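What follows is the residue order along each chain.
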There are 2 protein chains.
Amino acid sequence: MKKILKHKISQPAISRLPLYFRALLDFQQKGIELISSKDMFLKTGIKADQFRKDLSYFGGFGIQGYGYHVKQLTGAISSIMNLNKTHSIVLVGAGNLGSALKKYSGFRKWNFFIDEVYDSDPKKIGRKIEGITIRDVKKFPKKSKAYIGVITVPAEAAQKVADIMVKSGIKAIINFTNSKIITDKNVLVRNVNLVNEFAITTCRLTFQQ
Amino acid sequence: MKKILKHKISQPAISRLPLYFRALLDFQQKGIELISSKDMFLKTGIKADQFRKDLSYFGGFGIQGYGYHVKQLTGAISSIMNLNKTHSIVLVGAGNLGSALKKYSGFRKWNFFIDEVYDSDPKKIGRKIEGITIRDVKKFPKKSKAYIGVITVPAEAAQKVADIMVKSGIKAIINFTNSKIITDKNVLVRNVNLVNEFAITTCRLTFQQ
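Participant: Lay out the environment of Asn 111 of chain A with the relevant residues and their values.
Facilitator: Position of Asn 111 of chain A among the secondary structure elements: in the loop between α6 (105-109) and β4 (112-119). Taking the C-alpha atoms as reference points, Asn 111 of chain A and Ile 173 of chain A, separated by 62 residues in sequence, lie 17 Å from one another.

Okay, here's the thing in structure tokens:
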């Protein structure tokens, strides 16, 4: 699954790729076939120079004086990001947030499928969310078919769930809890903290920057 | 509400404040009274130098050779971030994600209260989530009591809702949709895109960085 790159791609560049991808999907929907890096700037707020530099990591796609073929670039970025394949996800914690994520149609549109849901609550185990039966976390598979794990349990249970996931071969964990989790170095952890978003917003508002 | 600072605080510093705050709460819970910047590093992964530099924006709090009083620093950061006051939030879009956010207890712990919920769906209007009645978005107040607005509607309705919010005096919008929203320069917009988190994770995993 590893990609060979011309240069080492920077973390911020990786973070910008989904923005380009979304903008390109929007151009496509509107029937636009060719765009300039300025069009991309107007859509995403990312400067033309930056956009061109980011694309250069992957060999560049523009045609001098013409711009970028929307469809071609969409395909390329989708392939770079591995979004042209389906991604199987396992979620542990079928509470409010976990259930909402499972029901959220936006993930499916981007080829992310939450195929398995686990919980430890006997009241939840056996129930269904969108056709998927909630299973007992004690029966988490020894070798997971999914390679991305989502944690939406109470904070105090986060580390335990992370350990189970790592043991079963999960390669990346998206941690929605407040708790910091520690894993093997080879496992990628992404923390998504919704309270933080509110706190940062208040803080920025306070300093009006 | 504006704060006077010794120096202009950087955006990354603002983003780190909630991490310090959470770590401090955890130290408090464990009965720890004094910490060093190294303790903070072990907890948050943010280097001691960076921590000291961030605090210096606000005048510095450490005692040479002693470290930091946990309780005092918690109070100070809480006050800097305005987290010692309650924050009233209005949410538009009572779907899966919106409802989950309303039900999420983590926000209340940090003094964020979703006090009003609106939707345009007649099936949802009049129903209750956690004691709050879902009201018709057409009846959104002309002058909102809340100053933070959360948008969890389908992407195509995001701009319309943002316009309503801005008109009613909302100062900051947290946009959970895929859609870019355009507002007056004085209104702070924070985009939280959950699909992006998955896409970035896949992308990072692909490049194993």
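Participant: Give me the lowdown on the environment of Glu 116 of chain A, citing residues and values where you can.
Facilitator: Residues and elements named next belong to chain A. You can see Glu 116 is positioned in strand β4. Looking at Glu 116, the relative accessible area reads 9%, which means it is buried. Ignoring anything within four residues of it in the chain, the contact list for Glu 116 reads Ile 89, Val 90, Leu 91, Ile 132, Arg 135, Pro 141, Lys 145 and Ala 146. Of note is the side chain of Glu 116, whose polar atom sits 2.8 Å from the side chain of Tyr 118.

Participant: Go over the interface of chain A and chain B, please, and point to the residues and values.
Facilitator: Across the contact, 63 residues belong to chain A and 63 residues belong to chain B. Contact between chain A and chain B buries roughly 6,200 Å² in total, counting both sides, with carbon and sulfur atoms accounting for 66%. Viewed at the interface, chain B and chain A are joined by 2 salt bridges. Linking chain A with chain B are 10 residue pairs in polar contact (both at pLDDT 80 or more), by the criterion used here. A total of 14 residues in the side of chain A that touches chain B trace back to one element, the largest contributor, which is helix α8 (residues 194-207) of chain A. Looking at the side of chain A that touches chain B residue by residue, the class counts come to 36 nonpolar, 16 polar and 11 charged.

Participant: Could you give an account of unusual backbone geometry, naming the residues involved and the relevant values?
Facilitator: Residue and element names in this part refer to chain A. With a phi angle near 65°, Asn 82 is a residue other than glycine that sits in the positive phi range. Topologically, Asn 82 is positioned in the loop between α4 (70-80) and β3 (87-92). A positive phi angle is found at Asn 111, which is not glycine, with a value near 70°.

About the cut-offs
Residues numbered from 1 in each chain as written. Chains lettered and ligands numbered in written order. Predicted model: local features only at pLDDT ≥ 70, side-chain atom pairs only at ≥ 80, totals over all residues. Heavy atoms only, no water. Helix = DSSP H or I, 4+ residues; strand = E, 2+ residues; numbered from the N terminus. Buried < 20%, exposed > 50% of the residue type's maximum accessible area, 1.4 Å probe, protein only. Contact = heavy atoms within 4.5 Å. Polar contact = N/O pair within 3.5 Å; in protein donor to acceptor, adjacent residues only side chain to side chain. Buried area = accessible area lost by both parts, 1.4 Å probe. Salt bridge = Lys/Arg side-chain N within 4 Å of Asp/Glu carboxyl O. Nonpolar A, V, L, I, M, F, W, Y, C, P; charged D, E, K, R; others polar.

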